[in-house]
Amino acid sequence: MSAQHPIACLYRPMTPADLPAAHGLSMRLKWPHRLEDWALMQHAFKGFVAVEGEQLIGTAFACPQGAFATIGLVIIDPDYQGQGIGRRLMELTLSACGTSTPILNATVAGALLYTTQGFVEFGTVEQRQGLARAVALEPLVPGEECRPLGAADFPRQVALANAGSGLDRHAILSHLQDTIEHSTGIVRDGQLQALALLRTAGRGLCIGPVIAQNPEQAKHLIATLLARIPGQFVRIDVPVDSGLCEWLGSAGLELVVSVTQMARGTPPQPGEGVRQFALMSQAMG
C-alpha cells in the first residue's frame, strides 16, 4: 500500500550492510543491477539511502570524476514516491559533488525533478541490448591494427577515456578491472588510438566505454568484442549522435529505452581527437 502522508525518514550514507536491500529495491523496479554492481558502486563512490524504520526506501549515488560528477541509481520505493524523498536524496548527492559539475542520465519520470533542480538537457542516450550477433568488421585505415589490451596499456587507456568523456576516469577504471572479460584497442604507429571494454554487469555483459576517433573505429572495436560472445546477452549505452544506432540494430542490439543527458552547468566536452561512443554505464557516464 502506498504511503498516504509525509513520513519521517532517516537519510544517511550507504554502507555495505545496505547492499542486499538496495539490490532488492532495484529488482522490484526491474532494474538489471546485480548485487556485485551495487557493491562496486558503494565501494567506489558516495552512496546515500533513505530509511524508514528498518526499511530501505530510497538510494542515490554521487560519483565524483574530476571536474564533473555523475549522479546515478536514484531509486525510490514505489510505495513512497511523491513524498519528497527523491528531492532530499538529490540534495545530498549534489552536496557530495562538491565543486564538481553534476551530470546525469534521466528517465522520463526523473527528468522533471532534475529540471526543477537546475539541470538542463544536452543530449540523448539509447540503451540497446540483445543477443550478440556477428557482424562484418568495419575496415581500418592502412597502418591501424586491432589487438587485445594488456596491463601495460592501462595508462594510455586512462588518458583516452579521460579525453573521450571529459571526466577523470582513473579511479573508476581501476575499480572495474576485475569485471573486464575482454578488452580491445586500435593501435597506430605504436600508440593506442581507440579502445573498447567488455564487462560483466547487469543481466549479462555490457560493452563500455568505447573511445574512438570516428564511428568506423568504434564499429570495428564493438564487432571484435561481439564476435567473442555469439548468442550471449549484451547491453550497450550509446549517444544518439554516435552514428552507431542503426548499425547496432543489425548486430542484434535493439533499442530498449532512451534517457536524457542533463547537466547543472556546462557539460563535459571530448578532446584530443577522440570521443566516447559508448558510456561506461548510465550511472557512471
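Residues numbered from 1 in each chain as written. Predicted model: local features only at pLDDT ≥ 70, side-chain atom pairs only at ≥ 80, totals over all residues. Heavy atoms only, no water.

(A) A look at the confidence of the model for the protein. For the protein, mean pLDDT is 94; residues scoring 70 or higher make up 98% of the total. A low-confidence stretch, residues 1-5 (pLDDT under 50), is modelled with eight contacts involving residues beyond four sequence positions or located in other chains. (pLDDT = per-residue confidence, 0-100. Contact = heavy atoms within 4.5 Å.)

(B) Region of the structure containing the packing of helix α1 (residues 19-28) against helix α2 (residues 35-44). One can describe the packing of α1 onto α2 by two numbers: an axis separation of 9 Å at closest approach and a directional angle of 125°. Here α1 lies oblique to α2, going by the angle between them. Where α1 crosses over α2, the two elements pack in a sense that is right-handed. Every residue of α2 that contacts α1 at L19, P20, A22, H23 and S26 is listed here: L35, W38, A39 and Q42. A per-class count over the contact of α1 with α2 returns six nonpolar, three polar and no charged. (Axes fitted to C-alpha atoms, helices over the stretch in contact; angles between N-to-C directions. Helix = DSSP H or I, 4+ residues; strand = E, 2+ residues; numbered from the N terminus. Parallel < 35°, antiparallel > 145°, perpendicular 65-115°, else oblique. Left-handed = near helix turned anticlockwise from the far one by under 90°. Nonpolar A, V, L, I, M, F, W, Y, C, P; charged D, E, K, R; others polar.)

(C) Here's a closer look at the packing of helix α3 (residues 85-96) against helix α4 (residues 108-116). Following both chains from N to C, one finds α3 and α4 inclined at 55°, their axes separated by 11 Å at the closest point. Overall, the two elements α3 and α4 adopt an arrangement that is oblique. In this structure, α3 crosses over α4, and the sense of that crossing is right-handed. Here G86, R87 and M90 of α3 lie close against α4, whose contacting residues are L113, Y114 and T116. Class assignment for the residues of the contact of α3 with α4 results in three nonpolar, two polar and one charged.

(D) Up close: the nonpolar core. W38, M41 and F61 are the most contacted members of the largest nonpolar core, which has 33 residues in total. For this core, the secondary-structure elements that each account for two or more residues are α1, α2, β2 (46-52), β3 (55-65), β4 (68-76), α5 (154-165), α6 (170-176) and β9 (191-201). At five residues, α5 tops the list of elements feeding residues into this core. Excluding its chain neighbours within four sequence positions, the residues that come into contact with W38 are M14, L19, A22, H23, S26, H33, T59, F61, L73 and I75. Among the nonpolar cores identified, the runner-up in size contains 28 residues, and A223, V234, V238 and A278 belong to it. (Core = buried A, V, L, I, M, F, W, Y, C linked by side-chain atoms within 4.5 Å. Buried < 20%, exposed > 50% of the residue type's maximum accessible area, 1.4 Å probe, protein only.)

(E) Broad picture of the pattern of salt bridges. Enumeration according to the criterion identifies 10 salt bridges in this entry. With its nearest N and O atoms 2.7 Å apart, the salt bridge here joins R28 to D77. Here D77 lies in the loop between β4 and α3 and R28 lies in helix α1, a separation of 49 residues in the sequence. Salt-bridge contacts for R34 lead to D37; the nearest nitrogen and oxygen are separated by 2.9 Å. Residues joined by salt bridges that share partners form a network here, namely R28, D77 and D79. (Salt bridge = Lys/Arg side-chain N within 4 Å of Asp/Glu carboxyl O.)

(F) Region of interest: helix α7 (residues 215-226). Compared with the 16 Å implied by 1.5 Å per residue over 12 residues, the 16 Å span of α7 between its first and last C-alpha is a close match. Here α7 lies mainly inside the structure; nine of its 12 residues are buried. When α7 is considered as a whole, its buried residues turn out to be Q217, A218, K219, H220, L221, I222, A223, L225 and L226. Two or three places before E216, at the opening of α7, N214 has a side-chain oxygen 3.2 Å from that residue's backbone nitrogen. (Expected span 1.5 Å × (residues − 1). Polar contact = N/O pair within 3.5 Å; in protein donor to acceptor, adjacent residues only side chain to side chain.)

(G) Focus on the layout of surface pockets. Of the voids in this model, the second largest pocket is the one considered here, and its volume is about 480 Å³. Along its surface, the second largest pocket is lined by 26 residues, and F122, P239, Q261, P268 and Q276 are the ones closest to its centre. The set of elements that each furnish at least two residues to the lining of the second largest pocket consists of β4, β5 (101-106), β6 (120-131), α5, β12 (254-263) and β13 (275-278). Of the residues contributing to the lining of the second largest pocket, the split by class is 13 nonpolar, 11 polar and two charged. (1 Å grid on protein atoms, 1.4 Å probe; cavity = no way out; pocket = protein on both sides within 12 Å on 5 of 7 lines; lining within 4 Å. Points joined across faces, edges and corners; volume = space filled by probe spheres on them.)

(H) Representation of the pairing of strand β10 (residues 204-212). Counting buried positions along β10 yields eight of nine residues, so the element is predominantly enclosed. Of the strand pairs in this sheet, β9 and β10 are connected by six bridges, and their pairing is antiparallel. Bridge pairing in β10 places A196 opposite V210. Two successive antiparallel strands, β9 and β10, enclose a turn made up of two residues, where G202 displays a positive phi of approximately 55°. Once the chain exits β10 it traverses α7 before rejoining the sheet at strand β11 (residues 233-239), and the crossover so formed is right-handed. Pairing between β10 and β13: three bridges, direction antiparallel. Paired with V210 across the strands is A278, a residue of β13. (Pairing = 2+ DSSP bridges. Right-handed = clockwise from strand over helix to strand, strands pointing away.)

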